[in-house]
Amino acid sequence: MRKMMLSSLLVLSIALFSAPVFAEGPVKTLPGDITLAQARVVLDAALKKAVEIKVPMNIAIVDAGGNLKAFYRQEDAFLGSIDISIKKAVTARYFNMTTRALGAVSVPGQPLYGIEASNNGLILFAGGVLLVDKNNVIVGAIGVSGGSVDEDESVAKAGAAALLK
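Predicted model only: the values in this text are computed from it and were never measured. (Residues numbered from 1 in each chain as written. Predicted model: local features only at pLDDT ≥ 70, side-chain atom pairs only at ≥ 80, totals over all residues. Heavy atoms only, no water.)

## Some thoughts on unusual backbone geometry
Although it is not a glycine, Asp-76 adopts a positive phi angle of roughly 75°. Among the secondary structure elements, Asp-76 is positioned in the loop between strand 2 (68-73) and helix 3 (80-95). In this structure, Asn-136 takes a positive phi of about 65° despite not being glycine. Among the secondary structure elements, Asn-136 is positioned in the loop between strand 3 (128-132) and strand 4 (138-145). Assessed through its relative accessible area of 66%, Asn-136 is described here as exposed. (Helix = DSSP H or I, 4+ residues; strand = E, 2+ residues; numbered from the N terminus. Buried < 20%, exposed > 50% of the residue type's maximum accessible area, 1.4 Å probe, protein only.)

This is the structure:
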């Protein structure tokens, strides 16, 4: 009789305490990952800068894992720059630095020479910038392509700055 009461109590306890967990389901978004709302803020700020400098751009936002989260291609932006913008964002996130900085250490004679051949191809010129939130956590990266490397980088930096406002 006593075993039956303990068993019943155990079953009742499990049912009461685990019901809310099963009802809500598992958390699918990782902590420290850029949200869609944040990605839109970054994308809008980058687009504003691209319009201001009058250069049609491809703008890619990747999450903390380097996966595409948001993308915008302005009218008349180069088709070839679609892939470049995405790879700039991925490159920045994979190595936690701007693509300009990574490019500087990957030229002949430098320690990372040849790194662009890794990870299914990397982009090592300016236009890839990390996205850091107000808590100083890297939540993703932005990659921009369509203008000169300096124009690309200025648009990427404008997008990244918007996340801190």
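## Some details on the sheet that holds strand 4
Strand order in the open sheet formed by four strands is 2-1-4-3, with antiparallel pairing between adjacent strands. The open sheet has two free edges, formed respectively by strand 2 and strand 3, since each of these has just one partner strand. Here the average twist between neighbouring strands, direction ignored, is 20°. Sheet topology places strand 1 (residues 58-63) next to strand 2; five bridges connect them, and they run antiparallel. For Ile-61, the partnering residue across the bridge sits in strand 2 and is Ala-70. Helix-sheet contacts for helix 2 (residues 36-53) involve strand 1, strand 2, strand 3 and strand 4, and the interaxial angle to strand 2 is about 25°. Seen against the sheet, helix 5 (residues 149-162) touches strand 1, strand 3 and strand 4 and runs at an angle of roughly 150° to strand 4. (Pairing = 2+ DSSP bridges. Axes fitted to C-alpha atoms, helices over the stretch in contact; angles between N-to-C directions. Contact = heavy atoms within 4.5 Å.)

## Some remarks on the side chain of Ser-85
Structurally, Ser-85 is set in helix 3. Beyond its immediate sequence surroundings of up to four residues, Ser-85 is in contact with Asn-58, Ile-59, Ala-60, Phe-71, Gly-143, Val-144 and Ser-145.

## A closer look at the nonpolar core
Met-57, Ile-59, Ile-61, Leu-131, Ile-142, Val-144 and Val-155 are the most contacted members of the largest nonpolar core, which totals 20 residues. Residue assignment for this core shows that the elements contributing at least two residues are helix 2, strand 1, strand 3, strand 4 and helix 5. Per element, the largest residue contribution to this core is five residues, and it comes from helix 2. Core analysis: the second largest hydrophobic core is formed by six residues, Val-62, Ala-89, Ala-92 and Ala-141 among them. (Core = buried A, V, L, I, M, F, W, Y, C linked by side-chain atoms within 4.5 Å.)

## Quick word on helix 3
Its 16 residues place the ends of helix 3 23 Å apart at the C-alpha level, agreeing with the 22 Å of an ideal helix rising 1.5 Å per residue. Listed in full, the buried residues belonging to helix 3 are Ser-81, Ser-85, Lys-88, Ala-89, Val-90, Thr-91, Ala-92 and Arg-93. Phi turns positive one or two residues past the end of helix 3, at Asn-96, with a value near 50°. (Expected span 1.5 Å × (residues − 1).)

## A closer look at the pairing of strand 3
Judged by how many residues are buried, strand 3 sits mostly within the fold: four of five residues are covered. Sheet topology note: the strand 3/strand 4 ladder contains five bridges and is antiparallel. If you follow Leu-130 over to strand 4, its bridge partner there is Ala-141. Hairpin geometry of strand 3 and strand 4 is characterised by an intervening segment of five residues between the two adjacent antiparallel strands and by a positive phi of about 65° at Asn-136.

Keep in mind these numbers describe shape, not what the thing actually does.
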